[in-house]
Amino acid sequence: MSSIRTYTVVYILLMVLATAKVGFHGLGLGNTAFIGIILVLATVKILLIAGYFQHLIEEPRSITYMMLTSLFMVLLLVAAAGYSIQGA
């Protein structure tokens, strides 16, 4: 089980990442660069939440692989849905 110190550090990191979005918005980057940065920040936040708050770091590797496989399948479904909408 993770300690309170670990949870506090992860929480502070999540707050910093959430605040960084506003900071990057103020830089006046183009839309493509800004969306790319936001997606990277969101991915890091998702990994922190899944790893520490949902305790995936402490689980056996087989469960982690199962979660990654399900994430991949969801992304495939989203891509297929997007493709079918474009074709209509």
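Residues numbered from 1 in each chain as written. Predicted model: local features only at pLDDT ≥ 70, side-chain atom pairs only at ≥ 80, totals over all residues. Heavy atoms only, no water.

**Concerning the overall build of the protein chain**
Here's step 1: When you go through the protein chain residue by residue, the secondary structure sums to three helices and zero strands.
Here's step 2: Secondary structure elements of the protein chain occur, N-terminal to C-terminal, as α-α-α.
Here's step 3: Since a compact globule built from 88 residues should have a radius of gyration of about 12 Å, the 17 Å found for the protein chain marks it as more spread out than a globular shape.
Here's step 4: Within the protein chain, the fraction of its 88 residues that count as buried is 14%.
Here's step 5: Within the protein chain, contacts between residues separated by at least 24 positions form 61% of all contacts whose residues are at least 6 apart in sequence.
Here's step 6: For the protein chain, the exposed area adds up to about 6900 Å²; of that, 75% sits on carbon and sulfur atoms. (Helix = DSSP H or I, 4+ residues; strand = E, 2+ residues; numbered from the N terminus. Rg over C-alpha atoms; globule rule 2.2 N^0.38 Å. Buried < 20%, exposed > 50% of the residue type's maximum accessible area, 1.4 Å probe, protein only. Contact = heavy atoms within 4.5 Å. Areas by Shrake-Rupley, 256 points an atom, 1.4 Å probe, with all protein chains shown as cover.)

**Overview of the layout of surface pockets**
Here's step 1: Size it by volume and the largest pocket reaches roughly 340 Å³.
Here's step 2: For the largest pocket, the lining is made up of 13 residues, of which Leu47, Ala50, Leu56, Met67 and Leu68 are closest to its centre.
Here's step 3: Of all the secondary-structure elements, those providing two or more residues to the lining of the largest pocket are α2 (31–53) and α3 (61–87).
Here's step 4: Of the residues forming the lining of the largest pocket, the biggest block, six residues, is contributed by α3.
Here's step 5: Split into classes, the residues belonging to the lining of the largest pocket amount to eight nonpolar, four polar and one charged. (1 Å grid on protein atoms, 1.4 Å probe; cavity = no way out; pocket = protein on both sides within 12 Å on 5 of 7 lines; lining within 4 Å. Points joined across faces, edges and corners; volume = space filled by probe spheres on them. Nonpolar A, V, L, I, M, F, W, Y, C, P; charged D, E, K, R; others polar.)

**Details of the environment of Leu29**
Here's step 1: As for its placement among the helices and strands, Leu29 is situated in the loop between α1 (4–25) and α2.
Here's step 2: If we skip the residues at most four places from it in the chain, Leu29 touches Phe24, Phe34 and Ile37.

**Comments concerning α2**
Here's step 1: In a regular helix each residue adds 1.5 Å, so 23 residues correspond to 33 Å; α2 covers 32 Å between its end C-alpha atoms and thus fits that length.
Here's step 2: Every buried residue belonging to α2 is among Leu41, Lys45, Leu48, Ala50 and Gly51, and all of these are buried.
Here's step 3: For α2, the secondary structure elements touched by its buried residues are α1. (Expected span 1.5 Å × (residues − 1).)

**Here's the deal with the confidence of the model for the protein chain**
Here's step 1: Looking at the protein chain, pLDDT values average 87 and 95% of them are 70 or higher.
Here's step 2: When mean pLDDT is taken per element in the protein chain, α1 scores highest with 90 and α3 scores lowest with 88. (pLDDT = per-residue confidence, 0-100.)

**A few points about the nonpolar core**
Here's step 1: Within the largest apolar cluster, five residues are counted, these being Val10, Leu14, Leu17, Leu41 and Leu48.
Here's step 2: At the level of secondary structure, the elements contributing two or more residues to this core comprise α1 and α2.
Here's step 3: No other element matches α1, which puts three residues into this core.
Here's step 4: When neighbours within four sequence positions are excluded, Leu14 is seen to be in contact with Lys45, Leu48, Ile49 and Phe53. (Core = buried A, V, L, I, M, F, W, Y, C linked by side-chain atoms within 4.5 Å.)

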